[in-house]
Amino acid sequence: MTQRLLIVDDEAIVRSAFERYLSASDYVTASVESAESALARIADFRPDVVLTDIRMAGMDGLELTEILRERDPDIDVIVVTGAEDMQLAIRAIRAGAYDYLVKPVDFDHLGTVVARCVRDRAAERRARRAAPVPAPDDVGLVGRAPSMVDVYKLIGAVAGTRAPVLIQGETGTGKELVARAIHANSAESAEPFLAVNCTALPETLLESELFGHVRGSFTGAVADRKGHFELAGSGTIFLDEIGDISPAFQAKLLRILQERTFIPVGAEHVRRTEARVIAATHRDLARLVRDGLFRDDLYFRLKVVEIHLPPLRDRRADIPLLVDHLLRRISVTVGKEIRYVPDEVMARLVAYDWPGNVRELENVLSRSAILARGSALALEHLPPEVATATPNRTPARPGDALADVIAAHVHDVLARTNGNKRQTARILGISRSRLDRLLASAAAVAPKQDGNGPVP
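This one's a predicted model, so the numbers in the text were calculated from it and none came from an experiment. (Residues numbered from 1 in each chain as written. Predicted model: local features only at pLDDT ≥ 70, side-chain atom pairs only at ≥ 80, totals over all residues. Heavy atoms only, no water.)

1. With respect to the overall build of the protein chain
Then comes step 1: Looking only at helices and strands, the protein chain features 19 helices and 16 strands.
Then comes step 2: Looking at the protein chain residue by residue over its 456 residues, the buried ones come to 48%.
Then comes step 3: Sequence separation of at least 24 residues holds for 68% of the intrachain contacts in the protein chain that already meet a minimum separation of 6.
Then comes step 4: Carbon and sulfur atoms make up 52% of the accessible area of the protein chain, which amounts to about 22,500 Å² in all. (Helix = DSSP H or I, 4+ residues; strand = E, 2+ residues; numbered from the N terminus. Buried < 20%, exposed > 50% of the residue type's maximum accessible area, 1.4 Å probe, protein only. Contact = heavy atoms within 4.5 Å. Areas by Shrake-Rupley, 256 points an atom, 1.4 Å probe, with all protein chains shown as cover.)

Structure representation (C-alpha coordinates):
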(Lines give C-alpha, C1' and ligand atoms only; values in the text may rest on other atoms or scores of the structure.)
Protein backbone atom coordinates (compact mmCIF):
# COMPACT_ATOMS: atom_id res chain seq x y z
CA MET A 1 0.00 0.00 0.00
CA THR A 2 1.40 3.39 -1.06
CA GLN A 3 2.06 5.65 1.91
CA ARG A 4 0.85 9.25 2.00
CA LEU A 5 3.20 11.91 3.37
CA LEU A 6 2.23 15.48 4.29
CA ILE A 7 5.12 17.97 4.37
CA VAL A 8 4.73 21.03 6.59
CA ASP A 9 7.27 23.87 6.22
CA ASP A 10 7.02 27.63 5.80
CA GLU A 11 9.83 27.69 3.21
CA ALA A 12 8.68 26.89 -0.33
CA ILE A 13 12.12 25.71 -1.43
CA VAL A 14 12.25 23.15 1.39
CA ARG A 15 8.75 21.86 0.62
CA SER A 16 9.61 21.50 -3.06
CA ALA A 17 12.88 19.64 -2.38
CA PHE A 18 11.24 17.21 0.06
CA GLU A 19 8.37 16.53 -2.35
CA ARG A 20 10.69 15.83 -5.27
CA TYR A 21 12.82 13.42 -3.26
CA LEU A 22 9.95 11.55 -1.58
CA SER A 23 7.80 11.37 -4.70
CA ALA A 24 10.71 9.72 -6.49
CA SER A 25 10.63 7.06 -3.74
CA ASP A 26 7.00 6.21 -4.66
CA TYR A 27 5.36 8.05 -1.77
CA VAL A 28 2.22 10.11 -2.39
CA THR A 29 3.07 13.59 -1.14
CA ALA A 30 1.37 16.90 -0.43
CA SER A 31 2.78 20.02 1.19
CA VAL A 32 1.48 23.01 3.13
CA GLU A 33 3.10 26.16 4.49
CA SER A 34 1.80 26.13 8.08
CA ALA A 35 0.62 23.93 10.92
CA GLU A 36 -2.85 25.47 10.65
CA SER A 37 -3.02 24.49 6.97
CA ALA A 38 -1.81 21.00 7.85
CA LEU A 39 -4.71 20.49 10.27
CA ALA A 40 -7.09 21.63 7.52
CA ARG A 41 -5.63 19.09 5.03
CA ILE A 42 -5.74 16.08 7.37
CA ALA A 43 -9.38 15.20 6.68
CA ASP A 44 -9.17 15.12 2.87
CA PHE A 45 -5.53 14.00 2.33
CA ARG A 46 -5.47 11.49 5.22
CA PRO A 47 -1.67 11.21 5.57
CA ASP A 48 0.10 8.23 7.09
CA VAL A 49 3.11 10.35 8.05
CA VAL A 50 3.49 14.09 8.68
CA LEU A 51 6.95 15.60 8.18
CA THR A 52 6.99 18.99 9.91
CA ASP A 53 9.42 21.78 10.69
CA ILE A 54 9.42 22.97 14.30
CA ARG A 55 9.94 26.73 13.95
CA MET A 56 7.16 28.24 11.84
CA ALA A 57 5.05 31.38 11.99
CA GLY A 58 1.89 30.86 14.00
CA MET A 59 1.49 27.37 15.44
CA ASP A 60 4.85 25.57 15.67
CA GLY A 61 5.65 21.96 14.90
CA LEU A 62 5.63 20.94 18.55
CA GLU A 63 2.04 22.13 18.99
CA LEU A 64 1.10 20.40 15.73
CA THR A 65 2.62 17.15 16.99
CA GLU A 66 0.70 17.30 20.26
CA ILE A 67 -2.61 18.01 18.46
CA LEU A 68 -2.10 15.22 15.91
CA ARG A 69 -1.18 12.66 18.57
CA GLU A 70 -4.34 13.58 20.46
CA ARG A 71 -6.67 13.64 17.45
CA ASP A 72 -5.30 10.72 15.45
CA PRO A 73 -2.62 8.55 17.12
CA ASP A 74 -2.33 6.50 13.91
CA ILE A 75 -0.58 9.38 12.13
CA ASP A 76 3.18 9.26 12.67
CA VAL A 77 5.02 12.57 12.97
CA ILE A 78 8.65 13.22 12.02
CA VAL A 79 9.94 16.64 13.08
CA VAL A 80 12.69 18.71 11.47
CA THR A 81 14.82 20.85 13.77
CA GLY A 82 17.87 23.06 13.81
CA ALA A 83 20.82 22.15 16.04
CA GLU A 84 19.86 24.96 18.40
CA ASP A 85 16.36 23.55 18.82
CA MET A 86 17.31 20.15 20.29
CA GLN A 87 15.33 20.76 23.47
CA LEU A 88 12.26 21.32 21.30
CA ALA A 89 13.03 18.10 19.44
CA ILE A 90 13.25 16.21 22.72
CA ARG A 91 9.90 17.69 23.76
CA ALA A 92 8.43 16.61 20.42
CA ILE A 93 9.64 13.05 20.93
CA ARG A 94 8.11 13.04 24.41
CA ALA A 95 4.89 14.34 22.86
CA GLY A 96 4.79 11.29 20.59
CA ALA A 97 6.81 12.17 17.46
CA TYR A 98 8.28 9.11 15.77
CA ASP A 99 11.71 10.63 15.10
CA TYR A 100 13.47 13.89 14.28
CA LEU A 101 15.83 15.19 11.56
CA VAL A 102 18.48 17.86 12.09
CA LYS A 103 19.05 20.66 9.57
CA PRO A 104 20.61 20.68 7.09
CA VAL A 105 18.69 17.51 6.24
CA ASP A 106 20.64 14.74 4.54
CA PHE A 107 18.31 13.18 1.96
CA ASP A 108 19.71 9.67 2.42
CA HIS A 109 19.02 9.93 6.13
CA LEU A 110 15.56 11.33 5.39
CA GLY A 111 14.82 8.32 3.19
CA THR A 112 16.06 5.92 5.87
CA VAL A 113 13.93 7.46 8.63
CA VAL A 114 10.77 7.61 6.49
CA ALA A 115 11.28 4.02 5.27
CA ARG A 116 11.76 2.80 8.85
CA CYS A 117 8.63 4.64 9.93
CA VAL A 118 6.62 3.04 7.10
CA ARG A 119 8.03 -0.40 7.92
CA ASP A 120 7.10 -0.01 11.57
CA ARG A 121 3.58 1.06 10.61
CA ALA A 122 3.24 -2.12 8.53
CA ALA A 123 4.40 -4.19 11.50
CA GLU A 124 1.79 -2.53 13.68
CA ARG A 125 -0.97 -3.32 11.19
CA ARG A 126 0.09 -6.97 11.09
CA ALA A 127 0.08 -7.06 14.89
CA ARG A 128 -3.43 -5.64 14.96
CA ARG A 129 -4.69 -8.25 12.49
CA ALA A 130 -3.15 -11.06 14.53
CA ALA A 131 -5.31 -13.05 16.91
CA PRO A 132 -5.57 -11.27 20.27
CA VAL A 133 -3.44 -12.57 23.11
CA PRO A 134 -5.44 -13.56 26.20
CA ALA A 135 -4.95 -11.25 29.15
CA PRO A 136 -2.12 -12.54 31.33
CA ASP A 137 -2.79 -14.01 34.71
CA ASP A 138 -3.15 -11.51 37.52
CA VAL A 139 0.12 -12.67 39.08
CA GLY A 140 2.02 -12.06 35.84
CA LEU A 141 2.69 -15.58 34.54
CA VAL A 142 2.78 -15.56 30.74
CA GLY A 143 3.51 -18.40 28.32
CA ARG A 144 2.03 -21.13 26.18
CA ALA A 145 5.03 -23.41 25.80
CA PRO A 146 4.33 -27.03 26.85
CA SER A 147 6.82 -26.67 29.71
CA MET A 148 4.86 -23.67 31.05
CA VAL A 149 1.54 -25.48 30.61
CA ASP A 150 2.97 -28.22 32.83
CA VAL A 151 3.82 -25.56 35.44
CA TYR A 152 0.24 -24.21 35.32
CA LYS A 153 -1.11 -27.73 35.85
CA LEU A 154 1.09 -28.20 38.90
CA ILE A 155 0.00 -24.84 40.30
CA GLY A 156 -3.63 -25.88 39.92
CA ALA A 157 -3.02 -29.26 41.52
CA VAL A 158 -1.05 -28.00 44.53
CA ALA A 159 -3.06 -24.83 45.22
CA GLY A 160 -5.86 -26.82 46.79
CA THR A 161 -3.53 -28.50 49.28
CA ARG A 162 -1.36 -27.37 52.17
CA ALA A 163 1.68 -29.35 51.00
CA PRO A 164 5.12 -27.70 50.97
CA VAL A 165 6.36 -26.80 47.50
CA LEU A 166 9.90 -26.52 46.17
CA ILE A 167 10.34 -24.31 43.09
CA GLN A 168 13.60 -24.69 41.20
CA GLY A 169 14.81 -22.61 38.27
CA GLU A 170 17.48 -20.22 37.10
CA THR A 171 17.63 -16.66 38.39
CA GLY A 172 14.98 -14.49 36.77
CA THR A 173 12.63 -17.26 35.65
CA GLY A 174 9.77 -16.09 37.88
CA LYS A 175 9.88 -18.38 40.91
CA GLU A 176 8.16 -15.87 43.18
CA LEU A 177 5.41 -15.41 40.59
CA VAL A 178 4.71 -19.14 40.75
CA ALA A 179 4.59 -18.99 44.55
CA ARG A 180 2.15 -16.07 44.39
CA ALA A 181 0.01 -17.94 41.87
CA ILE A 182 -0.22 -20.94 44.20
CA HIS A 183 -1.23 -18.68 47.08
CA ALA A 184 -3.70 -16.66 44.97
CA ASN A 185 -5.49 -19.83 43.87
CA SER A 186 -5.63 -21.41 47.32
CA ALA A 187 -8.46 -21.37 49.84
CA GLU A 188 -6.25 -19.14 52.02
CA SER A 189 -5.72 -16.45 49.37
CA ALA A 190 -7.19 -13.79 51.70
CA GLU A 191 -4.44 -14.55 54.26
CA PRO A 192 -1.00 -12.87 54.00
CA PHE A 193 1.67 -13.86 51.47
CA LEU A 194 5.06 -13.01 53.02
CA ALA A 195 8.28 -13.35 51.01
CA VAL A 196 11.81 -13.45 52.40
CA ASN A 197 15.06 -13.63 50.45
CA CYS A 198 17.23 -15.87 52.57
CA THR A 199 20.47 -14.37 51.20
CA ALA A 200 19.49 -10.76 51.86
CA LEU A 201 19.82 -10.93 55.67
CA PRO A 202 22.48 -12.19 58.09
CA GLU A 203 21.40 -15.39 59.83
CA THR A 204 20.57 -13.65 63.14
CA LEU A 205 18.30 -11.14 61.42
CA LEU A 206 16.80 -13.83 59.19
CA GLU A 207 15.86 -15.85 62.28
CA SER A 208 14.30 -12.76 63.87
CA GLU A 209 12.48 -11.93 60.63
CA LEU A 210 10.90 -15.37 60.41
CA PHE A 211 10.46 -16.37 64.07
CA GLY A 212 10.27 -12.99 65.81
CA HIS A 213 12.10 -12.02 68.99
CA VAL A 214 11.50 -10.88 72.55
CA ARG A 215 12.71 -7.67 74.09
CA GLY A 216 16.37 -7.70 75.09
CA SER A 217 17.22 -10.86 73.14
CA PHE A 218 19.95 -9.02 71.22
CA THR A 219 21.29 -5.50 70.77
CA GLY A 220 18.57 -3.37 69.25
CA ALA A 221 15.69 -5.61 70.37
CA VAL A 222 13.91 -2.87 72.29
CA ALA A 223 10.48 -4.53 72.12
CA ASP A 224 8.82 -7.87 71.37
CA ARG A 225 8.36 -8.43 67.65
CA LYS A 226 6.30 -11.04 65.82
CA GLY A 227 7.96 -12.91 62.98
CA HIS A 228 6.58 -13.91 59.58
CA PHE A 229 5.49 -17.37 60.72
CA GLU A 230 3.23 -15.77 63.32
CA LEU A 231 2.08 -12.86 61.15
CA ALA A 232 1.19 -15.08 58.20
CA GLY A 233 -1.58 -16.88 60.07
CA SER A 234 -2.69 -19.66 57.72
CA GLY A 235 -1.25 -17.85 54.70
CA THR A 236 2.01 -18.49 52.85
CA ILE A 237 5.67 -18.01 53.71
CA PHE A 238 7.85 -17.86 50.59
CA LEU A 239 11.51 -18.60 51.27
CA ASP A 240 13.59 -17.56 48.27
CA GLU A 241 17.15 -18.88 47.76
CA ILE A 242 16.65 -21.63 50.33
CA GLY A 243 19.78 -23.38 49.06
CA ASP A 244 21.98 -20.75 50.70
CA ILE A 245 20.89 -21.10 54.35
CA SER A 246 23.30 -22.45 56.96
CA PRO A 247 23.12 -25.99 58.42
CA ALA A 248 22.03 -24.52 61.80
CA PHE A 249 19.14 -22.67 60.21
CA GLN A 250 18.23 -25.75 58.16
CA ALA A 251 17.63 -27.61 61.44
CA LYS A 252 15.29 -24.89 62.72
CA LEU A 253 13.35 -24.85 59.47
CA LEU A 254 13.03 -28.64 59.56
CA ARG A 255 11.41 -28.40 62.99
CA ILE A 256 8.75 -26.05 61.62
CA LEU A 257 7.93 -28.42 58.77
CA GLN A 258 7.86 -31.47 61.03
CA GLU A 259 6.17 -30.14 64.16
CA ARG A 260 4.60 -26.83 63.02
CA THR A 261 6.28 -25.10 65.98
CA PHE A 262 9.05 -22.50 66.44
CA ILE A 263 10.67 -20.49 69.20
CA PRO A 264 11.16 -16.71 68.82
CA VAL A 265 14.71 -15.45 69.39
CA GLY A 266 15.26 -15.12 73.15
CA ALA A 267 11.90 -16.73 74.06
CA GLU A 268 11.39 -19.75 76.32
CA HIS A 269 8.14 -21.15 74.99
CA VAL A 270 7.28 -22.65 71.62
CA ARG A 271 4.62 -21.20 69.38
CA ARG A 272 2.57 -22.86 66.67
CA THR A 273 2.20 -21.84 63.07
CA GLU A 274 -0.34 -22.79 60.40
CA ALA A 275 1.54 -21.05 57.59
CA ARG A 276 2.32 -22.95 54.44
CA VAL A 277 5.97 -22.99 53.27
CA ILE A 278 6.93 -22.54 49.64
CA ALA A 279 10.69 -22.55 49.02
CA ALA A 280 12.68 -21.66 45.93
CA THR A 281 16.26 -21.84 44.75
CA HIS A 282 18.36 -21.44 41.62
CA ARG A 283 20.81 -24.02 42.96
CA ASP A 284 20.73 -27.79 42.44
CA LEU A 285 19.55 -28.96 45.87
CA ALA A 286 19.99 -32.64 45.01
CA ARG A 287 23.67 -32.01 44.31
CA LEU A 288 24.01 -29.96 47.53
CA VAL A 289 22.57 -32.92 49.42
CA ARG A 290 25.07 -35.29 47.78
CA ASP A 291 27.89 -32.88 48.68
CA GLY A 292 26.74 -32.73 52.29
CA LEU A 293 25.85 -29.04 52.13
CA PHE A 294 22.10 -29.43 52.53
CA ARG A 295 20.18 -31.74 54.86
CA ASP A 296 18.55 -34.61 53.03
CA ASP A 297 15.64 -34.76 55.51
CA LEU A 298 14.87 -31.07 54.94
CA TYR A 299 15.20 -31.53 51.18
CA PHE A 300 12.61 -34.29 51.12
CA ARG A 301 10.31 -32.31 53.43
CA LEU A 302 10.44 -29.34 51.08
CA LYS A 303 10.00 -31.23 47.83
CA VAL A 304 6.64 -32.84 48.55
CA VAL A 305 5.71 -31.09 45.32
CA GLU A 306 8.53 -29.94 43.07
CA ILE A 307 8.12 -27.42 40.25
CA HIS A 308 10.87 -26.80 37.71
CA LEU A 309 10.72 -23.50 35.82
CA PRO A 310 12.25 -23.62 32.33
CA PRO A 311 14.81 -20.99 31.29
CA LEU A 312 13.59 -18.49 28.73
CA ARG A 313 15.96 -19.81 26.05
CA ASP A 314 14.06 -23.12 26.18
CA ARG A 315 10.69 -21.48 25.47
CA ARG A 316 11.53 -18.89 22.84
CA ALA A 317 8.01 -19.09 21.38
CA ASP A 318 6.79 -17.32 24.53
CA ILE A 319 9.09 -14.32 24.05
CA PRO A 320 6.68 -12.31 21.83
CA LEU A 321 3.89 -12.90 24.38
CA LEU A 322 6.18 -11.78 27.21
CA VAL A 323 7.28 -8.73 25.24
CA ASP A 324 3.67 -7.66 24.68
CA HIS A 325 2.83 -8.20 28.35
CA LEU A 326 5.92 -6.49 29.74
CA LEU A 327 5.69 -3.49 27.41
CA ARG A 328 2.13 -2.79 28.56
CA ARG A 329 3.42 -2.55 32.12
CA ILE A 330 6.60 -0.69 31.19
CA SER A 331 4.65 1.88 29.14
CA VAL A 332 2.80 2.89 32.29
CA THR A 333 6.02 3.09 34.30
CA VAL A 334 7.98 5.24 31.84
CA GLY A 335 4.97 7.33 30.80
CA LYS A 336 5.36 6.45 27.13
CA GLU A 337 3.15 4.09 25.12
CA ILE A 338 5.15 1.54 23.15
CA ARG A 339 2.54 0.11 20.82
CA TYR A 340 4.53 -2.38 18.73
CA VAL A 341 7.86 -4.04 18.10
CA PRO A 342 9.14 -4.30 14.49
CA ASP A 343 9.89 -7.76 13.12
CA GLU A 344 13.66 -7.20 13.01
CA VAL A 345 13.69 -6.23 16.69
CA MET A 346 11.49 -9.17 17.72
CA ALA A 347 13.75 -11.53 15.77
CA ARG A 348 16.76 -10.39 17.83
CA LEU A 349 14.82 -10.69 21.09
CA VAL A 350 13.84 -14.25 20.21
CA ALA A 351 17.37 -15.17 19.07
CA TYR A 352 19.16 -13.93 22.22
CA ASP A 353 19.80 -16.58 24.90
CA TRP A 354 18.71 -14.46 27.93
CA PRO A 355 21.05 -15.74 30.68
CA GLY A 356 19.09 -13.52 33.11
CA ASN A 357 15.78 -14.91 31.80
CA VAL A 358 12.53 -12.93 32.10
CA ARG A 359 14.05 -10.44 34.53
CA GLU A 360 16.78 -9.58 32.01
CA LEU A 361 14.17 -9.30 29.23
CA GLU A 362 12.18 -6.84 31.35
CA ASN A 363 15.29 -4.75 32.05
CA VAL A 364 16.22 -4.64 28.36
CA LEU A 365 12.68 -3.64 27.36
CA SER A 366 12.61 -0.92 30.04
CA ARG A 367 15.89 0.52 28.73
CA SER A 368 14.67 0.34 25.14
CA ALA A 369 11.34 1.97 25.96
CA ILE A 370 13.12 4.90 27.60
CA LEU A 371 15.33 5.39 24.53
CA ALA A 372 12.57 4.83 21.95
CA ARG A 373 11.46 7.72 19.79
CA GLY A 374 7.74 7.45 19.33
CA SER A 375 5.76 4.26 19.80
CA ALA A 376 8.08 1.65 18.26
CA LEU A 377 11.30 0.02 19.42
CA ALA A 378 14.32 -0.07 17.08
CA LEU A 379 17.51 -2.14 16.96
CA GLU A 380 19.50 0.90 18.09
CA HIS A 381 17.56 0.88 21.37
CA LEU A 382 18.73 -2.65 22.25
CA PRO A 383 22.00 -3.44 24.07
CA PRO A 384 24.71 -4.57 21.61
CA GLU A 385 24.65 -8.19 22.76
CA VAL A 386 20.91 -8.40 22.04
CA ALA A 387 20.93 -6.32 18.84
CA THR A 388 23.53 -8.62 17.28
CA ALA A 389 21.99 -11.92 18.38
CA THR A 390 21.33 -14.41 15.59
CA PRO A 391 19.45 -17.71 15.64
CA ASN A 392 21.46 -20.88 16.14
CA ARG A 393 21.71 -22.62 12.82
CA THR A 394 23.35 -25.76 11.49
CA PRO A 395 26.30 -24.54 9.40
CA ALA A 396 25.83 -24.96 5.68
CA ARG A 397 28.04 -27.61 4.06
CA PRO A 398 29.83 -27.14 0.74
CA GLY A 399 27.42 -28.16 -2.01
CA ASP A 400 24.28 -27.49 0.03
CA ALA A 401 21.52 -26.19 -2.20
CA LEU A 402 20.13 -22.79 -1.23
CA ALA A 403 16.62 -24.25 -0.98
CA ASP A 404 17.88 -26.86 1.50
CA VAL A 405 19.57 -24.21 3.67
CA ILE A 406 16.42 -22.06 3.66
CA ALA A 407 14.23 -25.06 4.48
CA ALA A 408 16.52 -26.06 7.37
CA HIS A 409 16.40 -22.56 8.81
CA VAL A 410 12.60 -22.35 8.49
CA HIS A 411 12.18 -25.68 10.26
CA ASP A 412 14.64 -24.62 12.96
CA VAL A 413 12.59 -21.49 13.74
CA LEU A 414 9.34 -23.48 13.53
CA ALA A 415 10.70 -25.96 16.07
CA ARG A 416 11.77 -23.17 18.42
CA THR A 417 8.23 -21.73 18.31
CA ASN A 418 6.74 -25.15 19.06
CA GLY A 419 5.02 -25.24 15.67
CA ASN A 420 3.39 -21.81 15.95
CA LYS A 421 3.29 -20.65 12.31
CA ARG A 422 2.16 -17.11 13.09
CA GLN A 423 5.11 -16.53 15.43
CA THR A 424 7.47 -18.30 12.98
CA ALA A 425 6.41 -16.00 10.15
CA ARG A 426 6.83 -13.00 12.43
CA ILE A 427 10.37 -14.01 13.40
CA LEU A 428 11.36 -14.71 9.79
CA GLY A 429 9.86 -11.41 8.66
CA ILE A 430 7.64 -13.03 6.02
CA SER A 431 3.91 -13.43 5.48
CA ARG A 432 2.01 -16.49 6.67
CA SER A 433 1.22 -17.44 3.05
CA ARG A 434 4.92 -17.32 2.12
CA LEU A 435 5.76 -19.49 5.13
CA ASP A 436 3.19 -22.06 3.97
CA ARG A 437 4.77 -22.06 0.50
CA LEU A 438 8.25 -22.56 1.95
CA LEU A 439 7.04 -25.46 4.09
CA ALA A 440 5.26 -27.02 1.12
CA SER A 441 8.43 -26.72 -0.98
CA ALA A 442 10.50 -28.30 1.78
CA ALA A 443 8.05 -31.18 2.08
CA ALA A 444 8.15 -31.73 -1.68
CA VAL A 445 11.92 -32.25 -1.68
CA ALA A 446 12.14 -34.11 1.66
CA PRO A 447 13.54 -37.67 1.51
CA LYS A 448 10.97 -40.42 1.07
CA GLN A 449 10.54 -42.87 3.92
CA ASP A 450 9.69 -46.54 3.97
CA GLY A 451 9.17 -48.93 6.80
CA ASN A 452 12.92 -49.05 7.41
CA GLY A 453 13.30 -45.32 7.90
CA PRO A 454 14.65 -42.52 5.70
CA VAL A 455 16.14 -43.32 2.33
CA PRO A 456 19.83 -42.30 2.43
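2. Brief notes about the packing of aromatic side chains
Then comes step 1: Counting across every chain of the model gives nine aromatic pairs.
Then comes step 2: Aromatic side chains Phe193 and Phe238 sit 6.2 Å apart centroid to centroid with 20 degrees between the ring planes, which places their arrangement in the stacked category. One end of the pair, Phe193, is in strand S7 (residues 193–197); the other, Phe238, is in strand S10 (residues 236–240), with 45 residues separating them in the sequence.
Then comes step 3: Since its relative accessible area comes to 14%, Phe193 is described here as buried.
Then comes step 4: Three or more aromatic residues joined by ring pairs make a cluster, and in this case those are Phe211, Phe229, Phe249 and Phe262. (Phe/Tyr/Trp six-rings, centres within 6.5 Å; stacked < 30°, edge-to-face > 60°.)

3. A short note on the side chain of Ser331
Then comes step 1: Checked against the element boundaries, Ser331 lands in helix H13 (residues 319–334).
Then comes step 2: In this structure, Ser331 is in contact with Lys336, Glu337 and Ile338, ignoring residues within four places of it in sequence.

4. What about helix H3 (residues 61–71)?
Counting along an α-helix, one turn takes 3.6 residues, and residues three or four places apart therefore face a common direction.
Then comes step 1: Buried residues of H3: Gly61, Leu62, Leu64, Thr65, Leu68 and Arg69, and no others. The buried residues of H3 all sit within an arc of 160 degrees when viewed along its axis, so they share a single face. Exposed residues pointing more than 90 degrees away from the buried face of H3 are listed as Glu70 and Arg71.
Then comes step 2: Its side-chain oxygen 3.1 Å from the backbone nitrogen of Leu62, Asp60 forms the N-cap of H3. (Arc of directions from axis to C-beta. Polar contact = N/O pair within 3.5 Å; in protein donor to acceptor, adjacent residues only side chain to side chain.)

5. Some points on the nonpolar core
Grouped burial of nonpolar side chains is what soluble globular proteins tend to show.
Then comes step 1: Core analysis: the largest hydrophobic core is formed by 29 residues, its most contacted members being Val323, Val341, Leu349, Trp354, Leu361, Leu365 and Leu377.
Then comes step 2: For this core, the secondary-structure elements that each account for two or more residues are H13, helix H14 (343–351), helix H15 (357–371) and helix H16 (384–387).
Then comes step 3: Those residues in contact with Trp354 that lie beyond four places of it in its chain are Leu312, Ile319, Leu349, Glu360, Leu361, Val364 and Val386.
Then comes step 4: Grouped together as the second largest cluster of nonpolar side chains are 28 residues, Ile242, Ile256, Leu298 and Leu302 included. (Core = buried A, V, L, I, M, F, W, Y, C linked by side-chain atoms within 4.5 Å.)

6. Observations concerning the confidence of the model for the protein chain
Then comes step 1: Looking at the protein chain as a whole, its pLDDT mean stands at 84, while 86% of the residues score no less than 70.
Then comes step 2: Considering only residues more than four positions removed or in separate chains, one finds that residues 393–402, a stretch of pLDDT under 50, has three contacts.
Then comes step 3: Scored below 50 in pLDDT, residues 445–456 makes five contacts in the model with residues more than four places away or belonging to other chains. (pLDDT = per-residue confidence, 0-100.)

7. Looking at the pattern of salt bridges
Then comes step 1: Taken as a whole and judged by the stated rule, the model has 18 salt bridges.
Then comes step 2: Between Arg271 and Glu230 there is a salt bridge, with the nearest N and O atoms lying 2.9 Å from each other. Taken together, the residues span a long stretch of sequence, with Arg271 in strand S12 (residues 271–272) and Glu230 in helix H9 (residues 228–231) at a distance of 41 residues.
Then comes step 3: Residue Arg271 is classed as partly exposed on the basis of its relative accessible area of 32%.
Then comes step 4: Residue Glu230 is classed as partly exposed on the basis of its relative accessible area of 28%.
Then comes step 5: Taking the shortest distance from any N to any O, the salt bridge between Glu259 and Arg255 comes out at 3.6 Å. (Salt bridge = Lys/Arg side-chain N within 4 Å of Asp/Glu carboxyl O.)

8. A look at the sheet that holds strand S14 (residues 305–308)
Then comes step 1: With parallel pairing, five strands are arranged side by side in an open sheet as S7-S10-S13-S6-S14. One side of each edge strand has no neighbouring strand; the edge strands of this open sheet are S7 and S14. Strand-to-strand twist in this sheet, taken as the mean axis angle between neighbours without regard to direction, amounts to 20 degrees.
Then comes step 2: Inspection of the sheet shows strand S6 (residues 165–168) paired to S14 by four bridges, in the parallel sense. The residue of S14 that forms the bridge with Ile167 is Ile307. (Pairing = 2+ DSSP bridges. Axes fitted to C-alpha atoms, helices over the stretch in contact; angles between N-to-C directions.)

9. Observations concerning the packing of H13 against H14
Then comes step 1: At their nearest, the axes of H13 and H14 sit 10 Å apart, and the two run at 115 degrees to each other. Compared by their axis directions, H13 and H14 come out roughly perpendicular. The two elements H13 and H14 meet at a crossing, and its hand is right-handed. Of H14, the residues touching H13 (which contributes Ile319, Pro320 and Val323) are Met346, Leu349 and Val350. (Parallel < 35°, antiparallel > 145°, perpendicular 65-115°, else oblique. Left-handed = near helix turned anticlockwise from the far one by under 90°.)

10. Comments concerning the pairing of strand S13 (residues 276–281)
Then comes step 1: Burial analysis of S13 places six of its six residues in the buried class, which makes it a mostly covered element.
Then comes step 2: Judged by which residues are buried, S13 turns out to be covered on both faces: Arg276, Ile278 and Ala280 on one side and Val277, Ala279 and Thr281 on the other are all buried.

11. Examining the packing of helix H2 (residues 35–45) against H3
Then comes step 1: Direction vectors running N to C along H2 and H3 enclose 20 degrees, while the axes themselves pass 10 Å from each other. It follows that H2 is roughly parallel to H3 by the angle criterion. In this structure, H2 meets H3 at a crossing whose hand is right-handed. Where H2 abuts H3, its residues Ala35, Ala38, Leu39 and Ile42 lie against Leu64, Ile67, Leu68 and Arg71.
Then comes step 2: In terms of residue class, the contact of H2 with H3 is made up of seven nonpolar, no polar and one charged. (Nonpolar A, V, L, I, M, F, W, Y, C, P; charged D, E, K, R; others polar.)

12. Describing the sheet that holds strand S3 (residues 49–53)
Then comes step 1: The strand order across the open sheet formed by five strands is S2-S1-S3-S4-S5, and the pairing between neighbours is parallel. Two strands close off the open sheet at either side, each with one partner strand: strand S2 (28–32) and strand S5 (99–102). Recorded for the sheet is a direction-independent mean angle of 20 degrees between the axes of neighbouring strands.
Then comes step 2: Taken together, the four bridges between strand S1 (residues 4–8) and S3 define a ladder with parallel strand orientation. Paired with Ile7 across the strands is Leu51, a residue of S3.
Then comes step 3: Each of S1, S2, S3 and strand S4 (76–81) is contacted by helix H1 (residues 12–24), which is oriented at about 175 degrees to S2, the strand it contacts most.

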